[in-house]
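Okay, here's what each chain looks like letter by letter:
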Amino acid sequence: MKKHLIALGVTALAGAAAAQSNVSVYGRLDLSVGSEKNQLTNASKSVVSSGLLTTSRLGFRGTEDLGGGLKAIFQIETTLDPDAPGTNSQSGAARATTLGDRTAIVGLTGGFGTVKLGRTDTSFDDIRDLAVSSSLWDSEFTPTKNVYGTGRSDYSSRASNQVRYESPSFAGFTVGLSYAFDEEAVNADPTKNGVKVTALNARYKVGALDLGVATQKQETYLNGNPEIKYTALSGAYNFGVTRLSAGYQQAKDATNTKDNEYSIGVNVPLDKFNISVGYASSKAKNAAGATTAKGSGFAVGATYSLSKRTSLYAGWRDTSRKNAVTGVKSADERLYAAGIRHDF
Amino acid sequence: MKKHLIALGVTALAGAAAAQSNVSVYGRLDLSVGSEKNQLTNASKSVVSSGLLTTSRLGFRGTEDLGGGLKAIFQIETTLDPDAPGTNSQSGAARATTLGDRTAIVGLTGGFGTVKLGRTDTSFDDIRDLAVSSSLWDSEFTPTKNVYGTGRSDYSSRASNQVRYESPSFAGFTVGLSYAFDEEAVNADPTKNGVKVTALNARYKVGALDLGVATQKQETYLNGNPEIKYTALSGAYNFGVTRLSAGYQQAKDATNTKDNEYSIGVNVPLDKFNISVGYASSKAKNAAGATTAKGSGFAVGATYSLSKRTSLYAGWRDTSRKNAVTGVKSADERLYAAGIRHDF
Amino acid sequence: MKKHLIALGVTALAGAAAAQSNVSVYGRLDLSVGSEKNQLTNASKSVVSSGLLTTSRLGFRGTEDLGGGLKAIFQIETTLDPDAPGTNSQSGAARATTLGDRTAIVGLTGGFGTVKLGRTDTSFDDIRDLAVSSSLWDSEFTPTKNVYGTGRSDYSSRASNQVRYESPSFAGFTVGLSYAFDEEAVNADPTKNGVKVTALNARYKVGALDLGVATQKQETYLNGNPEIKYTALSGAYNFGVTRLSAGYQQAKDATNTKDNEYSIGVNVPLDKFNISVGYASSKAKNAAGATTAKGSGFAVGATYSLSKRTSLYAGWRDTSRKNAVTGVKSADERLYAAGIRHDF
C-alpha cells in the first residue's frame, strides 16, 4: 500500500510537472518615485514612474522537448504601464495594451541553432545592448537616452514580421541574422509606414570577455528617408571587482548624414549593492563631414538586492544636446528617482 | 529505493510549489441576464450584463518572503468585459484592454505596515466601500448608483501614479495614507486632465465591529473645478444572524457647493442564501445652503452559494434623482437581473 | 516517519493540484512565412503571417466540480497577433488587445446539458465549422475565404451578450441554441450597430459519422439590412485512411437575395503527415433567381507532426470571384506559405 501511495504520488507529481512545463507566467514590476526636470524651461515635476531600470512587463513562455535535441519554444511578452502615465493619468482610461508588443515568437531550437518567427528584438539590438546594459543602463536611466538616436538614427530595436536565426556557440563564437518583411511594400501609399529591417551580428563570449559587432539596414519606401545603415561595436570585460563596458555605434543615411555615438560604463558589485556609472556622447555630421550637433549624457546609480528577485534602487541621469555651431541647447534633461524592482 | 523515491517526490514537489508561489493567476466572472429601464423615457431593454454584483476581472499576484518578516508583493488586475457592451456589441471590435487598469502595484510589507507604488484604490475608497459593500452592493446593484456622485462629487476611487501606505493593526486600529502625483502639473495646457489626489483613513476593526473615517482631496489645474474635498464615515456591525452597515459621505467643492450622501444596509445569511437590502439618499446643496437636488436608491437581492467559489444571484435596483425646487426628475432607472458569479 | 513523509507528499500534492485546477493558462502560436498575391493587380508581397492554419491565441479556462454532477466552467480566450500586421508594422504600436475577444464565458454544465453566458461562438458556427474545418481549413487557408460570405451573407461567427445552451448527447444526437441580445435595440440612433442573433443546431455524431444542420437569424435595426437568415447542412465521414467532409450553406436577406455556398474536403493522414485538399464555390442570386456573381476557391496543404503539440505545415490557396453576367473578376487572390503551429 505504501508503494502504491508513493507511485501515485510520483505519477501525479509527474503529471502536475508536465502540465506546468507547458507555460510559465513571469514578469517584472519596476516602479519609482522621482523628479524630472527640463533644464531648458526650468519646468520640473515629481512623478511615479515605471521602468526606470528596466521596462515593467508580463510574459508567458515555454519550451517543449521534441526529442533528438530539438525543442519548440514560444514567448509572449507585453509591456506594463503600472503607473499609467499620460493625459488620462487619473481616469480609468489609459494606454491600450497590445499583447506581445515586446515579444511574440514561436520557434525551434536545436543543434543547428535557433529559428524564431514573429515580433522580437533585431540581431543588431543584442550587440547594442551589450554595451549600454547594466543594472542601471537598460531603460530610462541609460546615459544614452536623448543622446543616441536623436539625429537621423532612430533605429528599430524590435521589429514585427520577423524571421530570426541565432547560431549555436562555436567555442564562444556566435552569429545572428534577423530579417523583418516590409508588408506595405506593394502599396504605393506613402502614408503607409512600412520598413524592411535586416540585421546581422557576430559575438565572442568567453569567460570574462564579451565582444560583439553588428550591422542593421532599415529600408523604407517613404520619400526622403530611403535607407539608414547602422553599425555597432560593443565590448565588456568582467574583472570580478568591476565590469567595464564600451560601445561605438554609427548611423548613416542615404544622404551620407552620420551620427557617431559612444558609450562607456563601469559596474561595481559591493556585497548587496551594485553601483553603476555611465557616460555617452554623440556627434551628428552632415554630408560634408562637419559636426552639426553634439550630445552627452551621464548617469550614476545603485541597486540594493533584497533577494534574487527583488531590489531597491536609486539613480540620477543628466543628458543634453546642442547645436555644434551656435552652441544653443536643443535638449537638457535631468532625472533622479528611487524605486523597487520585483521579478516574478 | 523507497526512500529515494519519496525524497525525489518531495523535492520535486517543493520545486513545483516554489515555482507556483511566484505568481498566482486569479479572477472573477460575473454575468447575468436582466432588464434595464429608463423610467423617464419608458425605454427598456433586455441585456446580458457583466459585473452586476462585482466587476469581472483577471489578475496576477504574488508574494515573496524576503526574510525578517519582510515581504515583496505585487498585483496586476485587469477589468474583463465578457459581455462586450457598447456600440460594437456584435462585431469583433470592443473596448481595448489596459492591463492593470484596476490594480498595478509593487510594494513591501512588514512590521512597519505596507507601502505600495502604482495604480490602486485610494485610502478613502476603502472606507467608502466599508458601508456600501455587501454581497449586492459593490457594483451595479448598489443603491448608491446614480445617487452618490451625481452632483459635483465624482471622486476618484482609484488613482494612477500613487504612493500608498497602510499601517499595521494596533489592537484593531489602522491608518492609511495615499498620494497620487499630478504628472501634468508643470503643463499649463488646460486640456491636460491632471489631478492630484490625497487621501487619509483611520479604521477600527475588532470582532463584529468595523468603523472607519476618511478624507480625500482632489486638486486639479483645470479652470472652474480647482479642488473637491470628500469626507466619509462608515460603520458595520455583524450580529451573526444579520449584518448592519451605514455610511455618510460629503463632497464639497471650492465654491462651497456640497453633496451630502447617506446609505444603510442589511445583510442576512440564511443557510446557502445571503439576502441584502440597501437604501441610499443624497442631497446637493448650493453655497447658500439651499437644497438644489435630491436622489434616492433602493436595492434588494440574494445570492445562493453553489460552492465557496460559485454563486447564483438575483437582484433589483431602483434609483432616481430630481430637482429639489421644481420636483422634475433628472434620472429614474430600474434594473433587475439574475446571474452567476464564479471566482477562479 | 516514512508514512509521514508520504502523507505530507500526497497532501501537499493534493493542495498543488487543487490550486492548479482553478485556472489553466493555454494558447496557440501559428506563424508562417509566405507570399500573398492579388492576381487582379499582379501585386504580390512576402509576409510573415499569424493564423494561416488557426488563429493564434492566449487563454485562461477552468472547471469547478460543484457536486451531484454539476460543474461551473469559465473560459477567457484572446486573439494574438504575433506578427503585428497593419500600418504600424514596424513601430511599437499595433492592434489594441481586447481580453476575451474570442471567448469570454461563465456557465454551468451537468446532466441537463451546458448553459453559457457571455461572448462565444453561435450555435450555427459549430455546424458550419464541421464542414470547413480540417487541419488546413479552419482559418486563412480555407478554400471558403473570400468565397463564402462575399455577397449579403457575412454572418456572425461569434456574438457578444449571448446566452447559449448545448444539450447532452442522446445516443449521439445533440441540439444547441444560442441567443445574443441586441443591446442597442431601444436606441433609435442608426449609427448604433446593434444586431440580434438567434441560432439553432442539431447534430448527430456516432462513430465515424458527424452530421449537422443549423439555422441563424440576424436582425438589425439599421436601414436596408433588416434581417438575414442562414441555413447550413454539414457532414463528415472518417474512413480511417481518409476523412471526407462536405457542406452547404445559404444566406437569404429580406429582399430575397440569396448566397448559395458549397464546400467539399478530403483529409488523408499518412504517418506523421496529414494532407488536406478543399474546394469551395458560391453563387449569389438576385430576388428574381438570376445568378449575379460566382466565386470558387481551392486549397491544398499538409501538416507534419513534430509532437502532439507542435507541427510544421505548408499550404497553398487560390480563390476568385466574378460577375456572373460580365465575367469580370472582382477578386482573385493566391496565398502560399510554410509555418509552424505550437500549442501550449
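All values reported here derive from a predicted model rather than from experimental measurement. (Residues numbered from 1 in each chain as written. Chains lettered and ligands numbered in written order. Predicted model: local features only at pLDDT ≥ 70, side-chain atom pairs only at ≥ 80, totals over all residues. Heavy atoms only, no water.)

**Student:** Tell me about the overall build of chain A, and name the residues and values.
**Tutor:** Scanning chain A from N- to C-terminus turns up 2 helices and 17 strands. When the 344 residues of chain A are sorted by exposure, 49% land in the buried category. Summarising the internal contacts of chain A: among those between residues at least 6 apart in sequence, 56% fall at separations of at least 24. Roughly 14600 Å² of accessible area belongs to chain A as shown, and the carbon and sulfur atoms make up 56% of that amount. (Helix = DSSP H or I, 4+ residues; strand = E, 2+ residues; numbered from the N terminus. Buried < 20%, exposed > 50% of the residue type's maximum accessible area, 1.4 Å probe, protein only. Contact = heavy atoms within 4.5 Å. Areas by Shrake-Rupley, 256 points an atom, 1.4 Å probe, with all protein chains shown as cover.)

**Student:** I'd like a rundown of the environment of Arg119(B), residues and numbers included.
**Tutor:** Residue and element names in this part refer to chain B. Note that Arg-119 resides in strand β6 (residues 113-121). When the C-alpha atoms of Arg-119 and Gly-339 are compared, they prove to be 30 Å apart, with 220 residues separating the residues in sequence. Among the polar contacts listed, one links the side chain of Arg-119 to the side chain of Ser-160, at a separation of 2.6 Å. (Polar contact = N/O pair within 3.5 Å; in protein donor to acceptor, adjacent residues only side chain to side chain.)

**Student:** Could you give an account of the environment of Thr319(A), naming the residues involved and the relevant values?
**Tutor:** Residue and element names in this part refer to chain A. Its place among the elements puts Thr-319 in strand β16 (residues 310-323). For Thr-319 and Ala-280, which are 39 residues apart along the polypeptide, the C-alpha to C-alpha distance reads 8.8 Å. Excluding anything up to four places from it in sequence, Thr-319 contacts Pro-143, Lys-145, Asn-146, Val-147, Ser-296, Gly-297, Ala-331, Asp-332 and Glu-333.

**Student:** Could you give an account of the environment of Arg243(A), with specific residues and numbers?
**Tutor:** All names here are of chain A. With respect to the element layout, Arg-243 can be found in strand β12 (residues 243-253). For Arg-243, a relative accessible area of 21% translates into the label partly exposed. Not counting chain neighbours up to four residues away, the residues in contact with Arg-243 comprise Leu-130, Ser-133, Ser-134, Ala-236, Tyr-237, Asn-238, Gly-265, Val-266 and Asn-267.

**Student:** Could you give an account of the pattern of salt bridges, with specific residues and numbers?
**Tutor:** Residue and element names in this part refer to chain A. Inspection of the entire model under this criterion finds 47 salt bridges over all chains. With a shortest N-O distance of 3.9 Å, Lys-196 and Glu-219 are connected by a salt bridge. With Lys-196 in strand β9 (residues 195-206) and Glu-219 in strand β10 (residues 209-220), this residue pair connects regions lying 23 residues apart in the sequence. A cluster of three or more residues bridged by salt bridges with shared partners is formed by Lys-116, Asp-126, Arg-164 and Glu-166. (Salt bridge = Lys/Arg side-chain N within 4 Å of Asp/Glu carboxyl O.)

**Student:** With reference to specific residues and values, describe the packing of aromatic side chains.
**Tutor:** One pass over the full model with this rule turns up 27 aromatic pairs over all chains. For the ring pair Phe124(A) and Tyr230(A), a centre distance of 5.9 Å and an interplane angle of 55° mean the geometry is tilted. Remark: Tyr230(A) occurs in strand β11 (residues 227-238) and Phe124(A) occurs in helix α2 (residues 123-132); sequence separation between them is 106 residues. Pairing Tyr248(C) with Tyr262(C) gives two aromatic rings, centres 5.4 Å apart and planes at 40°, and the pair type is tilted. Residue Tyr248(C) is located in strand β12 (residues 243-253), and its partner Tyr262(C) is located in strand β13 (residues 258-270); the two are separated by 14 residues in the primary sequence. On the basis of relative accessible area, Tyr262(C) is assigned to the partly exposed category, the value being 42%. One aromatic cluster is present, built from ring pairs that chain together Phe60(A), Phe60(B) and Phe60(C). (Phe/Tyr/Trp six-rings, centres within 6.5 Å; stacked < 30°, edge-to-face > 60°.)

**Student:** I'd love a proper account of the pairing of strand β2 (residues 43-50) of chain A, names of residues and values included.
**Tutor:** Residue and element names in this part refer to chain A. Here strand β1 (residues 24-38) pairs with β2 via 8 bridges, running antiparallel. Residue pairing across strands places Leu-31 opposite Ser-50, the latter belonging to β2. Between the antiparallel neighbours β1 and β2 lie 4 residues, among them Asn-42 with a positive phi of about 65°. (Pairing = 2+ DSSP bridges.)

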